[in-house]
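Structural characterization, general
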Amino acid sequence: MPRKSQRSIEIETQPPAVVPYLFRGAALATLIAYQRRAMGFTVEQSDRAFYGDQARLPNAPNLLGLGANKIAERVFGQEISGIDVLMRHTLFGFYGRFLPDTTRESWAKDLFDFRGRALASYIDITSGPLSSLGELRKCTECISQDHEDGRLAAWRVLHQLPFLNHCAEHSSTLISHCAACKQPYERGSDYRLPSDGCRYCNSVTVQSQKVESRPGALSLGNLCARIFNGFAGHLEPTQWGRCVAATVSKLEGLDESVRAIEGHLRRTWRVRSISDLSAVLGRKLPRDFVRLELQLEGSPRVVLPRLLTYSAIESLVPEISNDGPPEIPQRLAIRRNVNGEAERLAEMANAHAIARGVIDRLISGDSQAAVIKREAISRRRLQQFIKLLPIDLGEYLAAQQRAGRTARQAQNQTTISKRERLRGERRQTLLDALAVNPGLRRIDAAGLMPTEYRWLTGNDSIWLDSVLPTEKAFKPRRFRSDIERKKAYRADVLKLLKARPTIGRNEAVLSLPKAMAWLRFNDRVWFDKNVPVRAHQRISTSWYKSEKPLVLPAAILKRRYADDDERTRAAKKFVSQVKTLNPHLLRSEICRVCSSAIVWLRAREPAWLKANLPPRADPSLVKKRPRGPSIKP
């Protein structure tokens with residue numbers, strides 16, 4: 001008998017056993033790469049585990065999050081929603097903030113439904129994410145920081161922006177090719193982590209260097225990071241018009257504003273003209289893009305001109321660029337030499353309706369999280385107030401905070417040692433992983449977080465045993481006979497069914513694979529009786545147009561009937577329940593709802609069917625339809 005090739009057999013994949021904790025900004029390519037390595041999957045199996053249908057796979061490396069709702073359902077177990085996946089781990093979280101709410105929702109729906117062709121109607125694909133799709137870029141210092149923090153090295157979403165060539169956090173050049181063989185590290189379809197070596201020469205050495213000190217490039221990277229985290233609300237369509245109007249009024253006219261913004265861009269990017277800016281960025285820009293943006297005539301599909309214009313506005317008119325309430329805050333006229341620094345800070349806080357207790361806690365050395373927790377103030381409002389402070393007041397507040405923390409540490413006799421700090425961090429990392437993966441095992445924790453797991457094993461073994469006990473129950477058991485094996489497996493299955501009454505057969509097989517497989521072939525009668533298959537509700541009610549609701553009985557367990565009489569009784573019960581719950585239904589409608597049961601009863605019990613389901617329903621329940629005037633030809 002010829003053997004079938006593996007490609008001709010449909011491979012059923014299981015959901016991921018371990019889902020790594022992805023921080024905000026980690027790309028979905030990291031999750032797929034980790035999934036392939038942890039489960040030992042091929043590329044096709046990884047695609048099926050994430051998307052379920054190979055005919056609807058997105059273009060690698062899925063930077064825009066096609067099928068995000070499927071990923072949230074299959075991988076994250078609905079811990080986070082599909083829109084959270086888009087906003088946290090894809091470029092949609094960056095580009096979507098430049099679009100109106102209705103357009104952003106329409107784009108998200110297209111991404112959920114795997115309609116990737118509609119991207120050109122939302123963003124400009126010549127300068128958007130599709131222009132650099134195919135080779136992922138990474139920062140070596142970000143990878144080193146991930147290893148030091150003991151978390152999974154991840155591809156960053158912001159590193160894939162086509163107009164950024166450096167890391168906004170470390171100012172390091174982003175690399176995408178091996179320094180030895182000049183081949184790409186990840187083409188988007190290889191599913192490799194950024195910490196892996198080259199797939200061609202297996203080289204792990206990289207050449208990373210700092211970018212040239214160009215203030216424009218650094219400010220653009222920081223601005224993109226703030227936009228992705230939701231801290232630059234003035235770039236949204238609902239506030240961009242007010243920001244432009246306030247800028248023009250502050251800089252005394254449109255022409256003066258255009259000259260000021262273009263001059264600022266030339267100085268920060270160190271170019272002679274705005275035309276030279278296109279060569280520096282590698283993206284073609286219109287010569288008059290600043291005037292178009294200030295006249296609100298720029299296309300929202302092209303985000304780079306708005307980014308550059310806003311970066312100049314932020315430096316020229318800082319009080320307008322900060323996020324705040326719908327009304328644009330007016331600049332406060334505070335004289336520098338009238339009062340001291342503390343009085344000026346208190347006066348500015350009073351003008352912004354900030355309580356004096358907030359300022360006192362900040363000066364005493366409390367962190368922003370502690371101030372937010374103990375005072376009636378939101379995080380956004382506190383950060384907005386700190387951004388509005390002039391440079392001298394900001395430096396004064398920072399110096400007072402440092403002095404307050406130093407004095408508090410001197411007064412505190414029980415300072416936290418480095419070991420205690422590491423213990424708290426390592427414990428919290430493991431607890432975060434357990435929150436995402438309730439069934440986390442020790443072997444999975446060792447592969448997911450090797451640094452933390454090794455440290456806790458040697459320095460905090462008692463706490464580790466209490467939170468993550470040893471896997472004695474997972475060791476293979478030896479049975480002296482088949483009777484003993486049958487009793488043990490039956491007890492395991494009944495314990496699982498008692499703990500999870502609504503579990504189906506497929507889920508039980510995933511939980512107890514050995515016990516379910518043995519009982520299926522050696523104790524089939526007991527297996528079919530106690531572990532039934534949950535029947536999916538296949539009744540379609542799209543045809544039902546009545547004003548009264550259609551109430552269906554609870555789903556019946558699909559099972560093997562012992563004989564025809566048992567099936568007949570089940571069919572009668574189902575028809576009777578539908579008729580009792582819906583007394584307003586006609587005979588034709590009941591026959592449509594209970595089609596399979598009616599077909600069986602017509603052959604087995606026609607007399608019962610005629611007595612309990614008469615050919616015509618009660619005339620009082622039938623609505624008389626008005627007849628229209630007859631039209632003669």
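Residues numbered from 1 in each chain as written. Predicted model: local features only at pLDDT ≥ 70, side-chain atom pairs only at ≥ 80, totals over all residues. Heavy atoms only, no water.

1. Focus: the overall build of the chain
Counting secondary structure elements, the chain contains 31 helices and zero strands. Within the chain, the proportion of its 633 residues that are buried is 40%. Across the chain, every contact between residues at least 6 apart in sequence was considered, and the portion connecting residues at least 24 apart equals 65%. Put simply, the chain shows about 36800 Å² of open surface, and 51% of that area lies on carbon and sulfur atoms. (Helix = DSSP H or I, 4+ residues; strand = E, 2+ residues; numbered from the N terminus. Buried < 20%, exposed > 50% of the residue type's maximum accessible area, 1.4 Å probe, protein only. Contact = heavy atoms within 4.5 Å. Areas by Shrake-Rupley, 256 points an atom, 1.4 Å probe, with all protein chains shown as cover.)

2. What about the environment of Arg283?
Locating Arg283 in the fold gives a position in the loop between helix H11 (274-281) and helix H12 (289-294). The buried category is assigned to Arg283, whose relative accessible area is 17%. Residues Arg283 and Leu304 lie 21 residues apart in sequence; the distance between their C-alpha atoms is 8.7 Å.

3. Topic: the environment of Arg137
Position of Arg137 relative to the elements: it lies in the loop between helix H6 (101-112) and helix H7 (140-149). Placed 22 residues apart in sequence, Arg137 and His159 show a C-alpha to C-alpha distance of 6.1 Å. When neighbours within four sequence positions are excluded, Arg137 is seen to be in contact with Trp155, His159, Gln160, Leu161, Pro162, Leu164, Asn165, Leu174, Ile175 and Ser176. Among the polar contacts made by the side chain of Arg137, one reaches the main-chain carbonyl oxygen of Leu161 at a distance of 2.5 Å. (Polar contact = N/O pair within 3.5 Å; in protein donor to acceptor, adjacent residues only side chain to side chain.)

4. Notes on the side chain of Thr268
Relative to the helices and strands, Thr268 resides in helix H10 (residues 254-269). For Thr268, a relative accessible area of 18% puts it in the buried group. Of the polar contacts made by the side chain of Thr268, one reaches the backbone oxygen of His264; its length is 3.0 Å. Residues within four places of Thr268 in sequence aside, it is in contact with Arg214, Pro215 and Gly216.

5. Re the confidence of the model for the chain
Scored by pLDDT, the chain comes out at a mean of 77, with 80% of its residues at no less than 70. Low confidence marks residues 324-339, where pLDDT is under 50. Its contacts with residues over four positions away, or in another chain, come to 23 contacts. (pLDDT = per-residue confidence, 0-100.)

6. Digging into the pattern of salt bridges
When their charged atoms lie close together, side chains carrying opposite charge are able to pair. One pass over the structure, following the stated rule, counts 18 salt bridges. Here Glu293 ties to Arg306 by a salt bridge, and the two come within 3.6 Å at their closest N and O atoms. A residue pair is termed long-range when its members are at least 10 positions apart, and Glu293 in helix H12 and Arg306 in helix H13 (residues 304-316) qualify at 13 residues. One exposure class covers both Glu293 and Arg306, and it is buried. (Salt bridge = Lys/Arg side-chain N within 4 Å of Asp/Glu carboxyl O.)

7. Focus: the packing of helix H20 (residues 418-436) against helix H22 (residues 450-459)
For the pair H20 and H22, the least separation of the axes is 10 Å and the interaxial angle reads 125°. With respect to H22, the axis of H20 lies oblique. Considering only the axes of H20 and H22, their crossing is left-handed. In contact with Arg419, Leu422, Arg423, Arg426, Arg427, Thr429 and Leu430 of H20, H22 contributes Thr451, Glu452, Trp455, Leu456 and Asn459. When grouped by side-chain class, the residues that make up the contact of H20 with H22 number four nonpolar, three polar and five charged. (Axes fitted to C-alpha atoms, helices over the stretch in contact; angles between N-to-C directions. Parallel < 35°, antiparallel > 145°, perpendicular 65-115°, else oblique. Left-handed = near helix turned anticlockwise from the far one by under 90°. Nonpolar A, V, L, I, M, F, W, Y, C, P; charged D, E, K, R; others polar.)

8. As for unusual backbone geometry
A positive phi angle, near 65°, is found at Glu252, a position not held by glycine. Within the element layout of this structure, Glu252 appears in the loop between helix H9 (237-250) and H10. Located in the positive-phi region is Arg270, a residue other than glycine, with phi close to 55°. In this fold, Arg270 is placed in the loop between H10 and H11.

9. Topic: the side chain of His159
By the secondary structure assignment, His159 is in the loop between H7 and helix H8 (215-228). Among the residues examined, His159 registers a relative accessible area of 6% and is labelled buried.

10. With respect to the state of the cysteines
Linking two cysteines covalently via their sulfur atoms produces the bond known as a disulfide. On inspection of all chains with the given rule, the structure shows zero disulfides. Just so you know, Cys167 is unpaired, no disulfide at all, and the nearest cysteine sulfur is the one on Cys142, 3.6 Å from it. (Disulfide = S-S within 2.5 Å.)

11. Concerning the packing of aromatic side chains
What characterises a pair of aromatic rings is the spacing of the ring centres plus the angle enclosed by the ring planes. As enumerated under the stated definition, the model contains eight aromatic pairs in all. With centroids separated by 5.2 Å and ring planes inclined at 85°, the aromatic side chains of Phe94 and Tyr95 adopt a geometry described as edge-to-face. The exposure class of Phe94 is buried, given its relative accessible area of 0%. Taking the relative accessible area as the measure of exposure, Tyr95 reaches 1% and is therefore buried. Lying over the aromatic face of Tyr185, Lys138 brings its terminal NZ or CZ to 3.8 Å of the ring centre. (Phe/Tyr/Trp six-rings, centres within 6.5 Å; stacked < 30°, edge-to-face > 60°. Lys NZ or Arg CZ within 6 Å of the ring centre and 35° of its normal.)

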